[in-house]
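Examination of the molecular architecture
Here is how the chains run, residue by residue.
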Amino acid sequence: MKKVSKIIVISLLFFVVVTAGMFSVKVMASGTSDTDNKPVHGKVIKIHAGGDKNSQRFSNADVKIISGSLKGKVITVQNFAGGQIKDEGSSTQSFAKVGDEVLVNIQYDSKNNVKKAYIYEIVRYKCLYGLAAFLIILLIAIGGLKGFKSVITLAITGIVVIKVLIPLILQGFNPMIVSIAICIFVTIVNLLIISGKNEKTLAAIIGTSGGVLIAGAIAFFSNSIMRLNGLTDDQMQSIIYTSQNANFNFSGLLFAGIIMGALGAVMDVSMSIASSIMEIKEVKPDMTMKELVKSGMNVGKDIMGTMANTLILAYVGGAMYIMIMISSYSYSTSISTALDQDIIASEVLKALAGSIGLIFAVPITAATTAFLIKLNKGKEK
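Residues numbered from 1 in each chain as written. Predicted model: local features only at pLDDT ≥ 70, side-chain atom pairs only at ≥ 80, totals over all residues. Heavy atoms only, no water.

Below, the discussion takes up helix 3 (residues 175–195). Taking 1.5 Å of rise per residue, 21 residues should cover 30 Å, and helix 3 covers 29 Å from first to last C-alpha, within 8% of that figure. The positive-phi residue at the C-terminal boundary of helix 3 is Gly 196, with phi of around 85 degrees. (Helix = DSSP H or I, 4+ residues; strand = E, 2+ residues; numbered from the N terminus. Expected span 1.5 Å × (residues − 1).)

Laid out in structure tokens, this is it:
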């Protein structure tokens with residue numbers, strides 16, 4: 001296991017060095033940022049009748065500013081945070097109501113007086129922060145030390161995705177290479193924190209990496225035939241504008257989404273199988289490698305059915321509008337025609353590639369765990 005530990009440490013150091021190098025390039029290329037473009041918070045204290053009554057695209061509202069240079073002042077603004085769908089130009093969200101905390105866009109004239117202002121969004125992050133805090137409390141209260149470790153791994157995953165994966169992709173780095181490196185790093189760090197340094201962790205790391213890489217390979221070769229990007233024209237234009245990269249690799253972005261989406265489920269399956277085999281070995285240490293693999297496969301068969309459902313349902317829940325599109329198409333044309341649509345085919349590919357990778361993770365983890373147990377047992381003799 002000392003050799004294995006060295007390999008893991010070297011891998012982590014390599015990842016840190018590569019990431020640091022990429023970020024140094026990013027910092028050199030990015031220059032200075034505009035720190036003045038901060039959102040202005042306000043609270044709606046009164047709603048006025050008026051606006052475009054035909055389409056009800058907006059109303060007017062009195063908003064008390066609670067941040068920025070105008071803090072404490074009350075201004076009348078247009079409420080663009082929603083409306084009823086009566087024409088193509090109408091907004092589709094709910095109007096801001098009295099008592100809502102909102103984000104206000106304020107435009108100034110040459111004399112720094114308010115020229116125009118409107119509500120463009122309702123503040124929602126505070127509610128999300130509260131739910132996140134509740135989740136953390138539940139994990140620690142019910143899970144104890146294991147729950148605390150889960151919180152740490154969850155934080156690491158979130159930071160790596162938000163602060164490393166997305167910025168590097170936006171800077172033009174290959175999404176396939178970046179996402180693979182991120183997945184391997186997240187797998188190694190998370191499993192080491194949760195389960196410690198042992199054969200079970202190593203087997204779960206190998207099984208997870210194998211399953212995710214197979215899911216990625218399935219996605220890559222399938223997409224080389226189907227040529228998907230998984231986005232609408234508006235979404236692609238927004239990404240091109242944000243990244244300032246006309247040659248953005250949308251297929252690579254789809255690949256990254258597939259393997260990142262499969263990572264959690266595959267990691268869960270791999271750790272469950274590795275843990276089961278280790279428990280079996282503790283109860284019956286004289287089992288052969290073949291028997292251990294068979295036991296792991298039996299556990300895996302029970303797990304992979306429910307986990308495949310979990311993975312597919314996760315994709316369905318994240319793209320419910322796609323399911324509505326499929327249903328709408330099926331009323332007027334065949335399912336095959338609906339599946340030919342880029343955005344629909346992309347979601348189906350995500351679910352299928354992730355499920356295939358999950359199934360492959362079962363025998364990989366079972367065989368690896370049994371091999372490591374017998375290898376370690378041979379060394380003890």
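Let us keep going from here.
Note: strands within a sheet are paired through backbone hydrogen bonds, in either parallel or antiparallel orientation. Around the barrel, which closes on itself, the 5 strands sit in the order 1-2-3-5-4 with mixed pairing between neighbours. On average, each strand axis in the sheet is inclined to that of its neighbour by 50 degrees, with strand direction left out of account. Bridge analysis of strand 3 (residues 74–79) against strand 5 (residues 114–122) gives 2 bridges, and the strand direction is parallel. Among the inter-strand pairings, Gln 78 is bridged to a residue of strand 5, identified as Tyr 118. (Pairing = 2+ DSSP bridges. Axes fitted to C-alpha atoms, helices over the stretch in contact; angles between N-to-C directions.)

Bringing the nonpolar core into the picture now. One finds Ile 182, Val 269 and Ile 273 to be the most contacted residues of the largest nonpolar core, which totals 58 residues. Elements with a minimum of two residues in this core: helix 2 (125–170), helix 3, helix 4 (199–226), helix 5 (233–243), helix 6 (250–283), helix 7 (289–318) and helix 10 (342–380). Top element by residues in this core is helix 6. It accounts for 16 residues. (Core = buried A, V, L, I, M, F, W, Y, C linked by side-chain atoms within 4.5 Å. Buried < 20%, exposed > 50% of the residue type's maximum accessible area, 1.4 Å probe, protein only.)

On to helix 7, then. For helix 7, with 30 residues, the first-to-last C-alpha span of 41 Å sits near the 44 Å given by 1.5 Å per residue. If you look at helix 7, its biggest bend is around 30 degrees, right at Met 304. For helix 7, every residue scored as buried is listed here: Leu 292, Ser 295, Gly 296, Gly 300, Ile 303, Met 307, Ala 308, Leu 311 and Tyr 315. (Bend = angle between axes of the 7 residues up to and from the residue.)

What follows deals with the environment of Asn 249. With respect to the helices, strands and loops of the structure, Asn 249 is situated in the loop between helix 5 and helix 6. Asn 249 sits 20 residues away from Asn 229 along the chain, and the two C-alpha atoms are 8.7 Å apart. Dropping the residues within four chain positions of it, Asn 249 is found in contact with Asn 174 and Pro 175. (Contact = heavy atoms within 4.5 Å.)

With that out of the way, let us pick up the side chain of Ser 295. For Ser 295, the position within the fold is in helix 7. On the accessibility criterion, Ser 295 (18% relative accessible area) is buried. Residues in contact with Ser 295, not counting those within four places in the same chain, are Ile 280 and Met 287.

This next bit is on unusual backbone geometry. The phi torsion at Arg 227 lies on the positive side, around 55 degrees, for a residue other than glycine. In this structure, Arg 227 sits in the loop between helix 4 and helix 5.

Relative orientation of the contacting elements helix 2 and helix 3 amounts to 165 degrees, with a least axis distance of 10 Å. The orientation of helix 2 relative to helix 3 falls into the category roughly antiparallel. Where helix 2 crosses over helix 3, the two elements pack in a sense that is right-handed. For the pair formed by helix 2 and helix 3, the contact residues are Lys 146, Lys 149, Ile 152, Thr 153, Ile 156, Thr 157, Val 160, Val 164, Leu 165, Leu 168 and Ile 169 on the first element and Pro 175, Val 178, Ser 179, Ile 182, Phe 185, Val 186, Val 189, Asn 190, Ile 193 and Ile 194 on the second. (Parallel < 35°, antiparallel > 145°, perpendicular 65-115°, else oblique. Left-handed = near helix turned anticlockwise from the far one by under 90°.)

Function-wise, these values are silent; they only describe arrangement.
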